[in-house]
Amino acid sequence: MARQRQRKSNRGPRQPFLGKGAAALTIGVAMLLASLMLSGSTVMDAVARGLRTPAWFALGIGAVLIGIHVLINRVVNKPGGALVVPAAKPQEPKALRQRFDEVTYRRPDAQSTLAATPAPTQWSPAVFHAIEWRRFEAVCEALFAQAGFETRSQSHGPDGGVDVWLHSKNARGAVSVAQCKHWQSKAVGVKEVREFFGVMSSHQLKRGTYATTSTFTPDAVAFGKSNGIHLLDGAGLLKQIAQRTPEQQQALLAVAFEGDYARPTCASCGTKMVERTPTKGGSAFWGCKNYPRCRSKLAMSRR
């Protein structure tokens, strides 16, 4: 009995509408062919006429059943639908599987080992240290919007080197782009700025803004000035924010501390990351809660 049940469970999903519809179509076609063959005879002409009505009825029933089958398949297999059987997961290399099994994953609601600090009430470098990278991008986007730009961004996934697209009401398409780098101590080098310039050139844009919470190296500053890139370091951003009205500054502060502002966002999935602790010792770090489907991780900075 157990073996019979296992065989049943391994069969594909039942499709009653498809089978019955195909049978009805087959019967209808057979009856139509029979009526055509009998219509040439004077004696059997009445029989041929009698077969045509049920033949067309069977064809109609078959078409309706197949239509229902197609409709059910579209609903079931659309994204977010039910009863979608996931594809078999490919076998992972043993070494890779073992390396990630050595990590202990905390629940998203687990208490962090880092003590939370109260959110600053005024703009200062402490704000940049308190927020995660996604909140920093949102602050930059809000700052551009206050300057009169129409902005467009995406919260996660491949961005092609662009974090914020800037549009003007008087022009078609983007007029400028911005890259936002939430670095605490490391200075942005000429390599990163040169890559950003390549993105600008690929979109045929002559203006761009590179914003960071950190600083820029002298080579990066020289390259930016000679290639139409506006460089904004942490001090420059605070200076621009200080030029806004008190109401605008508070609005930017509200954007910075919206939601779970300290917990980093997974750049691939757009979800909040969770704290992980290696079982063999070492510093805690941030990892995507969708592991093992997503293996993104970030170092955990001390605030």
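Everything here concerns the structure above.
Not measured: the values here are computed from a predicted model. (Residues numbered from 1 in each chain as written. Predicted model: local features only at pLDDT ≥ 70, side-chain atom pairs only at ≥ 80, totals over all residues. Heavy atoms only, no water.)

Undergrad: Which residues make up the nonpolar core, and what values go with them?
TA: With 26 residues, the main nonpolar core has Trp-123, Ile-131, Phe-136, Leu-237, Ala-256 and Phe-257 as its most contacted residues. Going through the elements one at a time, helix H5 (125-130), helix H6 (133-146), strand E3 (164-167), strand E4 (174-181), helix H9 (234-242) and helix H10 (246-256) are the ones with two or more residues in this core. Ranked by residue count, the leading element in this core is H6, at seven residues. If near-sequence neighbours (up to four positions away) are discounted, Phe-136 is found in contact with Phe-128, Ile-131, Cys-180, Lys-181, His-182, Ala-211, Thr-212, Thr-213 and Leu-237. With 15 residues, the next largest nonpolar core counts Trp-165, Val-188, Met-200 and Ile-229 among its residues. (Core = buried A, V, L, I, M, F, W, Y, C linked by side-chain atoms within 4.5 Å. Buried < 20%, exposed > 50% of the residue type's maximum accessible area, 1.4 Å probe, protein only. Helix = DSSP H or I, 4+ residues; strand = E, 2+ residues; numbered from the N terminus. Contact = heavy atoms within 4.5 Å.)

Undergrad: Requested: an account of the environment of Thr-277, with residues and values cited.
TA: The topology assignment puts Thr-277 in strand E7 (residues 274-278). Each C-alpha atom of the pair Thr-277 and Gly-287 lies 9.7 Å from the other, and the pair is ten residues apart in sequence.

Undergrad: Provide a residue-level description of the side chain of Thr-213, including the pertinent values.
TA: The topology assignment puts Thr-213 in the loop between strand E5 (208-212) and helix H8 (218-226). Assessed through its relative accessible area of 12%, Thr-213 is described here as buried. A polar atom in the side chain of Thr-213 sits 2.4 Å from the backbone oxygen of Trp-183. Thr-213 has contacts with Phe-128, Phe-136, Lys-181, His-182, Trp-183, Gln-184 and Gly-234, leaving out every residue within four places of it along the chain. (Polar contact = N/O pair within 3.5 Å; in protein donor to acceptor, adjacent residues only side chain to side chain.)

Undergrad: Which residues make up the environment of Val-199, and what values do they have?
TA: Turning to its location among the elements, Val-199 is positioned in helix H7 (residues 190-202). Each C-alpha atom of the pair Val-199 and Val-162 lies 7.6 Å from the other, and the pair is 37 residues apart in sequence.

Undergrad: Explain the pattern of salt bridges residue by residue, including any values.
TA: For the structure shown, the criterion picks out five salt bridges. The residue Glu-258 makes a salt bridge to Arg-135 at a minimum N-O spacing of 3.5 Å. Of this pair, Glu-258 sits in the loop between H10 and E7 while Arg-135 sits in helix H6, and the two are 123 residues apart along the sequence. Accessibility expressed as a relative area gives 13% for Arg-135, which makes it buried. The shortest N-O distance in the salt bridge between Glu-195 and Lys-191 comes to 2.9 Å. Of the two residues, Glu-195 and Lys-191 both sit in helix H7, four residues apart, roughly one turn of that helix. (Salt bridge = Lys/Arg side-chain N within 4 Å of Asp/Glu carboxyl O.)

Undergrad: Hey, could you go over the packing of aromatic side chains for me, with residue numbers and the actual values?
TA: Per the counting criterion, the structure on display carries six aromatic pairs. Between Trp-123 and Phe-128, the ring centres sit 5.8 Å apart and the planes meet at 55°, which makes this aromatic pair tilted. For Trp-123, a relative accessible area of 15% puts it in the buried group. On the basis of relative accessibility, which here comes to 3%, the residue Phe-128 falls in the buried class. Considering the side-chain rings of Phe-128 and Phe-136, the 5.8 Å spacing of their centres and the 85° angle between planes classify their relative orientation as edge-to-face. Phe-136 gets classed as buried once you look at its relative accessible area, which sits at 0%. Clustering of aromatic rings is evident, with ring pairs tying together Trp-123, Phe-128 and Phe-136. The ring of Phe-223 has Arg-194 sitting right over it, with the charged end atom 5.3 Å from the ring centre. (Phe/Tyr/Trp six-rings, centres within 6.5 Å; stacked < 30°, edge-to-face > 60°. Lys NZ or Arg CZ within 6 Å of the ring centre and 35° of its normal.)

Undergrad: Quick rundown of the state of the cysteines? Include the residues and the values.
TA: If you walk through the whole model with that rule in mind, you get zero disulfides. Cysteine Cys-180 is unpaired, with the sulfur of Cys-140 as its nearest cysteine sulfur at 3.8 Å. Classification of Cys-180 as buried rests on a relative accessible area of 7%. (Disulfide = S-S within 2.5 Å.)

Undergrad: Account for the pairing of E3, with residues named and values stated.
TA: Looking along a regular strand, one sees side chains alternate from face to face of the sheet. Residues Val-164 and Leu-166 of E3 are buried on one face, and the alternating residues Trp-165 and His-167, pointing to the opposite face, are buried as well. Across four bridges, the pairing between strand E2 (residues 150-153) and E3 is antiparallel. In the strand pairing of E3, Thr-151 is matched with Leu-166. Inspection of the sheet shows E3 paired to E4 by four bridges, in the antiparallel sense. Bridging across to E4, Val-164 finds its partner in Ala-178. The loop that links E3 with its antiparallel partner E4 comprises six residues; one of these, Gly-173, has a positive phi angle of about 80°. (Pairing = 2+ DSSP bridges.)

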